[in-house]
Amino acid sequence: HTARLPVGRRAVIPGNNKTNGMMSATGFVSTAADLVRFFSQLLPSVESRILTPESRRDMIRPHWRDRDSSLGRFYGLGVYCGQIGMWDYFGHLGRFQGSSTRTAVLPGVGLAVSVLTNATDGPAAQWLDGIVHILRRFHDNAPTSESANWNGRWWTLWGAVDFVAVGNRIEVFSPALYPPFSEASEVTLTSADRGVVTRAPGTDRYGEPVRRILD
């Protein structure tokens, strides 16, 4: 699909449109699962018949800095590389008429993530970054059974507020913020339904007691 603007609606783009001079970059169609399988084979540590481990190691390391980008991004050999949420990554984006995709492999934790959208303005890059930030948050902070009981979405006059258990504490933040968990307050539990605000960016109620009432 096209973007919704400027005509106020999305137009459908035929799937058999010619790629012409872009054939080398867009002459095939894939799925998120197959993209993850392909990019995962570029890890030097996995068994692969595509390239030698030495070639793959050279391919995914930084060779040139993308100096015109504010994202701290580098070019490898055929891939981008850098950091997302303090994790090293390599991968690539994909764009053609009617679609936007992004794939990243996180060698340090053995994960690969691919996001495909079926619109020219699909936020594949932002969603992938958001997914990686969420994975990073929980990597060393699995919720406890007590804190997980607080998970949920609450509503105020100002909009939605998410309570998310991270380790033995509760992170409180707006789901509209990017990246996820940015500017989160923190509640440390003192009992099953009570806690204290122990981190509060800006003017958020540091040190105040919290009481949860379930209806």
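Residues numbered from 1 in each chain as written. Predicted model: local features only at pLDDT ≥ 70, side-chain atom pairs only at ≥ 80, totals over all residues. Heavy atoms only, no water.

(A) Representation of helix H2 (residues 32–40) in the model. Every buried residue of H2 is listed here: Leu35, Phe39 and Ser40. Seen along its axis, H2 keeps its buried residues to an arc of 125°; they face one direction. Those residues of H2 that are buried are in contact with strand S4 (87–96), strand S5 (99–106) and strand S6 (111–117). (Buried < 20%, exposed > 50% of the residue type's maximum accessible area, 1.4 Å probe, protein only. Helix = DSSP H or I, 4+ residues; strand = E, 2+ residues; numbered from the N terminus. Arc of directions from axis to C-beta. Contact = heavy atoms within 4.5 Å.)

(B) Spatial organisation of helix H4 (residues 124–139). Compared with the 22 Å implied by 1.5 Å per residue over 16 residues, the 22 Å span of H4 between its first and last C-alpha is a close match. Along H4, the residues that are buried comprise Ala124, Leu128, Asp129, Gly130 and Val132. (Expected span 1.5 Å × (residues − 1).)

(C) Expanded view of the sheet that holds S5. Strand order in the open sheet made by the 6 strands is S1-S2-S3-S4-S5-S6, with antiparallel pairing throughout. The open sheet has two free edges, formed respectively by strand S1 (64–65) and S6, since each of these has just one partner strand. Strand direction decides the pairing type here: S1 and strand S2 (residues 74–75), joined by 2 bridges, are antiparallel. Across the sheet, the residue bridging to Arg65 is Phe74, located in S2. (Pairing = 2+ DSSP bridges.)

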